[in-house]
Amino acid sequence: MAYSNRSLPEEELSVNPAMLTGCLSLGYYGFMEELTPGRIREGLATEFVGQKIVYYESIGSTNEVARGLVDKGAPEGTLVIAEEQTAGKGRLGRRWIAPAGMGLLFSLLLYPDLTLKQVPRLTMLASLAVAEAIESVTGLAVRFKWPNDILIRGRKAGGVLTEVGVTGERLDYVVVGIGLNVNWNPSQVPELAGKATSLSEELGREVSRLELLQRLLIYMEGGYLRLQEGYLPHKVFTSRLADVGEKVEVVLPRGKEEGFVEGVDADGALLLRREDGSTVGVTMGEVA
Ligand code: BTN
């Protein structure tokens with residue numbers, strides 16, 4: 001079962017590929033740092049996250065590859081990383097499109113001791129690892145839009161797509177996919193102008209993808225180990241949530257819900273205070 005596997009029409013694409021080709025000639029900085037397994041592993045101070053690396057120059061979706069590796073006995077923490085995805089997946093059936101070699105596109109395979117309901121804890125953890133890595137490498141402040149958007153100055157710089165494998169009620173594995181705009185310029189794509197950004201766009205200079213990735217893997221492992229000991233990341237996640245105190249409309253799979261954002265609960269549900277004073281926890285949907 002996947003959290004985000006509905007098909008949506010073309011206009012729901014995160015980026016139109018044709019527009020992207022046009023933007024590359026305008027927005028490409030010309031700096032390309034290789035993310036080969038040898039370079040990633042060199043000096044990577046983790047025990048298991050990113051110690052097994054599956055690397056592609058180009059692949060459909062790293063999340064799909066990671067899922068396929070489960071039956072082959074891939075170990076916990078396996079990193080699947082690509083310079084380019086031809087069928088990158090976003091949430092709610094959208095596509096995640098990014099130019100080759102200018103961002104981070106990867107998935108981590110995990111076998112956590114969690115129930116299905118608790119899986120969003122991993123999405124929160126991954127978002128926090130992304131935020132901490134960006135802040136420590138660049139100094140940029142990172143906030144979140146529920147449930148999985150990584151924001152810088154109010155614009156989307158990345159996202160997390162968590163997918164699971166289950167047998168009945170039992171959680172077999174989790175794939176945490178992360179896409180991050182690093183050294184390209186999404187604002188030159190008309191559909192994304194004002195909505196998306198990248199680290200280089202915010203900083204006016206390029207950022208080392210390798211350093212960013214290694215920090216992120218270290219933070220992810222630290223958080224994951226704590227999570228397995230019972231740590232709950234929702235309070236720290238809430239402290240970075242962009243809409244706290246604001247009135248929002250959440251588009252649900254069926255219908256919508258309106259209310260003032262109070263935060264998220266331990267399992268990642270968005271807590272909304274309705275006009276009548278009651279509080280509701282929203283588990284699926286999108287803040288409009
Ligand atoms: C979203 O914001 O909708 C989530 C985007 C997640 C994209 C990443 S890129 C690496 C991994 N592989 C995929 O196919 N998707 C995720």
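Going by the structure above, here's the rest.
Residue indices follow the written sequence of each chain, beginning from 1 at its first position. Residue-level local features of this predicted model are given only where pLDDT is at least 70; pairs of side-chain atoms are given and counted only at 80 or more, and the full residue set underlies all totals for whole chains, interfaces and linings. Hydrogens and waters are ignored; side-chain quantities use all the structure's heavy atoms.

## Digging into helix 3 (residues 62-69)
Phase 1 of the analysis: Residue burial is assigned from relative accessible area. The probe radius is 1.4 Å, only protein chains are included, and a residue is buried under 20% of its type maximum, exposed over 50%, and partly exposed in between. By definition, any uninterrupted DSSP run of H or I lasting at least four residues is a helix, any uninterrupted run of E lasting at least two residues is a strand, and each is numbered from the N terminus. Among the eight residues of helix 3, six are classified as buried, and the element is accordingly described as predominantly covered.
Phase 2 of the analysis: The complete set of buried residues in helix 3 reads Thr62, Asn63, Val65, Ala66, Arg67 and Leu69.
Phase 3 of the analysis: Contact partners of the buried residues in helix 3: strand 1 (53-59), strand 2 (78-85), strand 3 (103-110), strand 6 (155-167) and strand 7 (170-181).
Phase 4 of the analysis: A side-chain oxygen of the first residue of helix 3 lies 3.2 Å from the backbone nitrogen of asparagine 63; this N-cap is serine 61. The contact criterion used throughout is that any non-hydrogen atoms of two residues lie within 4.5 Å. Here a polar contact is recorded for every N or O atom pair within 3.5 Å, except that within protein the pair must consist of a potential hydrogen donor and a potential acceptor, and residues adjacent in sequence are included only if both atoms are side-chain atoms.

## Considering the environment of alanine 133
Phase 1 of the analysis: Within the element layout of this structure, alanine 133 appears in helix 4 (residues 120-138).
Phase 2 of the analysis: Separated by 84 residues in sequence, alanine 133 and leucine 217 place their C-alpha atoms 8.7 Å apart.
Phase 3 of the analysis: For alanine 133, the contacting residues outside a window of four places in its chain are Leu212, Arg215, Leu216 and Tyr219.

## Section: the sheet that holds strand 6
Phase 1 of the analysis: Sheet architecture is open: seven strands sit in the order 1-2-3-7-6-5-4, paired in mixed fashion. This sheet does not close on itself; its edge strands, each paired only once, are strand 1 and strand 4 (143-145). Here the average twist between neighbouring strands, direction ignored, is 20°.
Phase 2 of the analysis: By this definition, two strands are paired if DSSP reports at least two bridges between them. Across three bridges, strand 4 lies against strand 5 (residues 149-152) in antiparallel orientation. Bridging from a neighbouring strand, phenylalanine 144 pairs with isoleucine 150 of strand 5.
Phase 3 of the analysis: Strands in contact with helix 4 are strand 3, strand 4, strand 5, strand 6 and strand 7; relative to strand 7, the strand with the most contacts, it is inclined by about 30°. Note on geometry: axes are C-alpha line fits, over the in-contact stretch for helices, and angles between N-to-C directions span 0 to 180 degrees.

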